[in-house]
Every structure is written in structure tokens, then in C-alpha cells.
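Summary of structural features
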Amino acid sequence: QVQLVESGGGLVQPGGSLRLSCAASGIAFSIYAMGWYRQAPGKQRELVARITNGGSTNYADSVKGRFTISRDNAKSTVLLQMNSLKPEDTAVYYCGADLTGTPHHWGQGTQVTVSS
């Protein structure tokens, strides 16, 4: 059974930092590209950052220079370090695993709220 379990969300003030973690099980983690996506109320889910099985990364323009995605294949984990958070970063953040660009597997999501 495939499971992607996100953790690390919460409430943070503008300018603060959070680190999200996604632990995968039931998949051959090292062959998948892993991505972080987010969905704000009333908006479509969007790609935040993605890392390929080879370690190449890409980011949404809105988070470049503030967020960093990384992976640890030995632990089947993907991280998202989020710095200089803004209120517009408020959303539910999801972890996704894909082989072709579109995630085959999703986590349940973790809420990130940026507010003073």
C-alpha cells in the first residue's frame, strides 16, 4: 500500500520559516520524481517545487529564492524548507510522487498558515 505522509505544517508569522517533510512507503522511492504542491481556498492546486530522481529541481516563480526542495533516498523522504514566508503562501501543502510529470500518488496534505 502506497503512503505519502506529510508533516511540519502549522501557523507561522510573516517572515518566518517552516520545514515540511513527506515520508513515502510502498513505492520504489528512488525512481520517482517528488513534488510539493499547494492549494489555497478557492484556487487550483499548483506546483510549488519538484525534484527529479536525478536531483534536478524546479520551482514556481513565486517561491524561487525562498523555498528549497531536497530528498533523502535512504529515508524515502522529501523535504521543503520554506523561508521568508508570506501570507500568500497560506495553503494546504501536498506531497506528490510521479514518473511522468503528473503525480500518481498523493499525500493527505498539511496546512500552512502565515499570519500575524
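Everything quoted here is computed from the prediction, not taken from an experiment. Along each chain, the written sequence defines residue order, and numbers are assigned to residues from 1. At least 70 in pLDDT is required for a residue's local features to be given in this predicted model, at least 80 for side-chain atom pairs to be given and counted, and no such filter applies to totals for whole chains, interfaces and linings, which use all residues. Where side-chain values are given, they derive from all heavy atoms of the structure, hydrogens and water being excluded.

**Observations regarding the packing of aromatic side chains**
Note the threshold: In summary, the pairing rule links any two rings of Phe, Tyr or Trp, Trp by its six-membered ring, whose centres are within 6.5 Å, and it sorts them by plane angle into stacked for under 30 degrees, edge-to-face for over 60 and tilted for everything else. Working definition: helices are DSSP H or I runs of at least four residues, strands are E runs of at least two. Numbering for both runs from the N terminus. The cut-offs for exposure are 20% and 50% of the maximum accessible area for each residue type, with area from a 1.4 Å probe on protein chains only; residues under the lower value are buried, those over the upper are exposed, and the others partly exposed.
Applying the stated criterion across every chain yields a total of two aromatic pairs. Centre to centre, the rings of Tyr37 and Trp106 are 4.9 Å apart; their planes meet at 70°, and the pair counts as edge-to-face. Placement of the pair is Tyr37 in strand β4 (residues 33-39) and Trp106 in strand β10 (residues 105-106), with a sequence separation of 69 residues. A residue is classified by how much of its surface remains accessible, and Tyr37, at 8% relative accessible area, is buried. Trp106 sits in the partly exposed class, given a relative accessible area of 36%. Arranged with centres 6.5 Å apart and planes meeting at 85°, the rings of Tyr94 and Trp106 form a pair that is edge-to-face. Taken together, the residues span a long stretch of sequence, with Tyr94 in strand β9 (residues 91-98) and Trp106 in strand β10 at a distance of 12 residues.

**Some points on the side chain of Arg38**
Put simply, the rule is: The definition of a polar contact used here is a pair of N or O atoms within 3.5 Å, where within protein one atom must be able to donate a hydrogen and the other to accept one, and adjacent residues in sequence count solely through side-chain atom pairs. Any two residues whose heavy atoms approach within 4.5 Å are treated as being in contact.
Looking at the secondary structure, you find Arg38 in strand β4. Side chain to side chain, Arg38 and Glu46 meet in a polar contact 2.7 Å long. A distance of 2.9 Å separates a polar atom in the side chain of Arg38 from a polar atom in the side chain of Tyr93. Once residues within four sequence positions are removed from consideration, Arg38 is found in contact with Gln44, Arg45, Glu46, Val48, Ser62, Val63, Phe67, Glu88, Asp89, Ala91, Val92 and Tyr93.

**What about the state of the cysteines?**
Applied cut-off: Here, two cysteine sulfur atoms that lie within 2.5 Å of each other are counted as a disulfide.
The final tally for this structure, using the stated rule, is one disulfide. Across the disulfide from Cys22 sits Cys95; the S-S distance is 2.1 Å. Between Cys22 and Cys95, the S-S torsion sits near -75°, and that sign places the bridge as left-handed. Remark: Cys95 occurs in strand β9 and Cys22 occurs in strand β3 (residues 18-25); sequence separation between them is 73 residues. In terms of burial, Cys22 and Cys95 fall into one category: buried.

Coordinates in, geometry out; function isn't part of it.
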